[in-house]
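Topology and contacts: notes
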Amino acid sequence: MIRLNNDTPSDILQDVKIGDMVTDTFSKTGLVENIEISDDGLYRVYEFNLVTGRTITVKK
């Protein structure tokens, strides 16, 4: 299981694939269904959509 939060290194965030089991260490845990990566000018924003319908968002 991969822990996703703002302290997670960028190379780990890049290596997450669809189907990986991830958690935000609080209440969101599940398999990755979709990954969206965007850049808002200051941060790279990683959105991991889980099969449970929840989304884990990490800004790096």
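Position numbers for residues start from 1 in each chain and track the written sequence from start to end. Confidence filtering applies because this is a predicted model: local features only for residues at pLDDT of at least 70, side-chain atom pairs given and counted only at 80 or more, and all residues used for totals across whole chains, interfaces and linings. Hydrogen atoms and water are omitted, and side-chain values are computed over all heavy atoms in the structure.

1. With respect to the pattern of salt bridges
This is how it is decided: The term salt bridge refers to a pairing of a side-chain nitrogen on Lys or Arg with a carboxyl oxygen on Asp or Glu at a separation within 4 Å.
This structure, assessed with the given rule, holds 1 salt bridge. For Asp-20, the salt bridge is made with Lys-17, and the minimal N-O distance between the two is 3.8 Å.

2. Focus: the environment of Asn-5
Put simply, the test is: Numbered from the N terminus, helices here are DSSP runs of H or I no shorter than four residues, and strands are runs of E no shorter than two. Think of it in three bands: residues with accessible area under 20% of the maximum for their type are buried, residues over 50% are exposed, and the middle band is partly exposed, with areas taken using a 1.4 Å probe on protein chains only. Pairs of N or O atoms are called polar contacts if they sit within 3.5 Å, as long as, within protein, a hydrogen donor faces a hydrogen acceptor (for residues adjacent in sequence, only side-chain-to-side-chain pairs).
Along the chain, the position of Asn-5 falls in the loop between strand 1 (2–3) and helix 1 (10–15). On the accessibility criterion, Asn-5 (25% relative accessible area) is partly exposed. The spacing of Asn-5 and Thr-57 is 52 residues in sequence and 8.0 Å in space, taken between C-alpha atoms. In this structure the side chain of Asn-5 is engaged in a polar contact, spanning 2.9 Å, whose partner is the backbone nitrogen of Asp-7.

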